[in-house]
Amino acid sequence: MRGGRLKGALGSADRPASALGFRRVLAVFGALVMLIGAIAAFTMTDQTWLVIVLGAGFLAACVNVYWVSRRLHFER
């Protein structure tokens, strides 16, 4: 075993579970909300700026989902 690593399984007393799993759930939920908002703005309004803002928010939320997933992968 390499030095500096915690012993034990993730979630045990030696290595407590992190909040990244819950954070990934929140990130996916946020991405879905932004996607639904962008689709609703595109279909129900003629406000181009709103579609652009919500679309950019959706892209940022997708980057957040990717980032949290990579951190969770490297943690395990």
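Definitions and limits used
All residue numbers refer to position in the chain's written sequence, counted from 1. Given that the model is predicted, a residue must reach a pLDDT of at least 70 before its local features are reported, and side-chain atom pairs must reach 80 or more before they are shown or counted; all residues, however, enter totals for whole chains, interfaces and linings. In computing side-chain properties, one takes all heavy atoms of the structure into account and sets aside hydrogens as well as water. Here a helix means four or more residues in a row that DSSP labels H or I, a strand means two or more in a row labelled E, and each is numbered from the N terminus. Burial classes: relative accessible area under 20% of the type maximum marks a residue as buried, over 50% as exposed, and values in between as partly exposed (1.4 Å probe, protein chains only). Whether two residues are in contact is decided by their heavy atoms, any of which lying within 4.5 Å being enough. In these tables, accessible area is a Shrake-Rupley quantity obtained with a 1.4 Å probe, and a residue counts as shielded only by the protein chains included in the view. Angles shown run from 0 to 180 degrees and are taken between the N-to-C directions of axes, each axis being a line fitted to C-alpha atoms and, for helices, limited to the stretch in contact. An angle counts as roughly parallel when it lies under 35 degrees, as roughly antiparallel when it exceeds 145, as roughly perpendicular when it falls between 65 and 115, and as oblique in every other case. Should the near helix be turned anticlockwise from the far one by less than a right angle, the crossing is left-handed, and should it be turned clockwise, the crossing is right-handed. Classification used: nonpolar for Ala, Val, Leu, Ile, Met, Phe, Trp, Tyr, Cys and Pro, charged for Asp, Glu, Lys and Arg, polar for all others including Gly. Patches here are clusters of residues that have more than 30% relative accessible area and form no salt bridge, with a 9 Å joining cutoff for like charges and a 5 Å cutoff for nonpolar side chains (Val, Leu, Ile, Met, Phe, Trp, Tyr). Criterion for a salt bridge: a side-chain nitrogen of Lys or Arg within 4 Å of a carboxyl oxygen of Asp or Glu.

Caption draft 1: Representation of the overall build of the chain. Scanning the chain for helices and strands turns up 2 helices and 0 strands. Residues counted as buried form 16% of the 76 residues belonging to the chain. In the chain, once contacts between residues fewer than 6 apart in sequence are set aside, the share between residues at least 24 apart is 54%. As displayed, the chain offers around 5800 Å² of accessible surface, 69% of which is attributable to carbon and sulfur atoms.

Caption draft 2: Representation of the environment of F58 in the model. If you trace the backbone, F58 turns up in helix α2 (residues 48-75). F58 sits 23 residues away from L35 along the chain, and the two C-alpha atoms are 5.7 Å apart. The residues touching F58, leaving out its near neighbours within four places in the chain, are A31, M34 and L35.

Caption draft 3: Summary view of the packing of helix α1 (residues 20-44) against α2. Between α1 and α2, the least distance of the axes is 8 Å, while the angle of their chain directions is 160°. Overall, the two elements α1 and α2 adopt an arrangement that is roughly antiparallel. For α1 against α2, the interelement crossing comes out left-handed. Here the residues of the contact of α1 with α2 are counted per class, giving 18 nonpolar, 7 polar and 4 charged.

Caption draft 4: Layout of a nonpolar patch on the surface. Among the surface-exposed residues, V28, L32, L35, I36 and I39 lie close enough to one another that they form a single nonpolar patch of about 430 Å² accessible area. As for its position among the elements, L35 is in helix α1. Judged by relative accessible area, L35 falls into the partly exposed class, the value being 31%.

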